[in-house]
Amino acid sequence: MRTENMYEEKHKHLKELEKVLTTRIENISHDLSHEHDADSAEQVTERENEDVLRNLKEETRLELKQVRSALKRIESGEYGTCATCGEAISPARLDALPYATLCIRCAS
């Protein structure tokens, strides 16, 4: 029962994280869609900022993919099991990285 409760908490946390990441991607997409300033010096700065935003968007997209994968593992009953060795992933590791797929030994 304790394990089920932990998974319910993880599911709730992951769903909240999914919403945050989805909103972040939407906001970045919105920021990237604006027109450039007419001033060429300002355009250089805007393009540099866009590069940073694109990188942030990609990192966020990858994290969102991991979160959604973890949600699927919860639903299938595979959550908390190391994808490499099949041993349980420690609760402390799942607290630190709720979408971890490897135990600490296999991740090292």
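Residues numbered from 1 in each chain as written. Predicted model: local features only at pLDDT ≥ 70, side-chain atom pairs only at ≥ 80, totals over all residues. Heavy atoms only, no water.

Q: Before we move on, can you summarise the overall build of the protein chain with the specific residues and values?
A: From N to C terminus, the protein chain includes four helices and zero strands. Walking the protein chain from its N terminus toward its C terminus, one meets helices and strands in the order α-α-α-α. Counting contacts in the protein chain only where the partners sit at least 6 residues apart, residues at least 24 apart contribute 53% of the total. In the structure as shown, the protein chain presents an accessible area of about 7600 Å², 50% of it carried by carbon and sulfur atoms. (Helix = DSSP H or I, 4+ residues; strand = E, 2+ residues; numbered from the N terminus. Contact = heavy atoms within 4.5 Å. Areas by Shrake-Rupley, 256 points an atom, 1.4 Å probe, with all protein chains shown as cover.)

Q: How would you summarise the nonpolar core if you had to cite specific residues and measurements?
A: One finds Leu14, Val67, Tyr79, Leu94 and Tyr99 to be the most contacted residues of the largest nonpolar core, which totals 17 residues. Only α1 (2-32) and α2 (40-76) provide two or more residues apiece to this core. Those residues in contact with Leu14 that lie beyond four places of it in its chain are Val67, Ala70, Leu71, Ile74, Tyr79, Pro98 and Tyr99. (Core = buried A, V, L, I, M, F, W, Y, C linked by side-chain atoms within 4.5 Å. Buried < 20%, exposed > 50% of the residue type's maximum accessible area, 1.4 Å probe, protein only.)

Q: How would you sum up the side chain of Lys10? Please name residues and give values.
A: Residue position: Lys10 is located in helix α1. A residue is classified by how much of its surface remains accessible, and Lys10, at 10% relative accessible area, is buried. Side chain to side chain, Lys10 and Asp95 meet in a polar contact 2.5 Å long. Excluding residues that lie within four positions of it along the chain, Lys10 makes contacts with Ile74, Tyr79, Leu94 and Asp95. (Polar contact = N/O pair within 3.5 Å; in protein donor to acceptor, adjacent residues only side chain to side chain.)

Q: Can you explain the packing of aromatic side chains? Please cite residues and give values.
A: One pass over the structure, following the stated rule, counts one aromatic pair. With a centroid separation of 5.3 Å and an interplanar angle of 90°, the aromatic rings of Tyr7 and Tyr79 are classed as edge-to-face. Separated by 72 residues along the polypeptide, Tyr7 in helix α1 and Tyr79 in the loop between α2 and α3 (91-96) bring together distant segments of the chain. Taking relative accessible area as the criterion, Tyr79 reaches 1% and is therefore assigned buried. (Phe/Tyr/Trp six-rings, centres within 6.5 Å; stacked < 30°, edge-to-face > 60°.)

These figures capture arrangement, not role.
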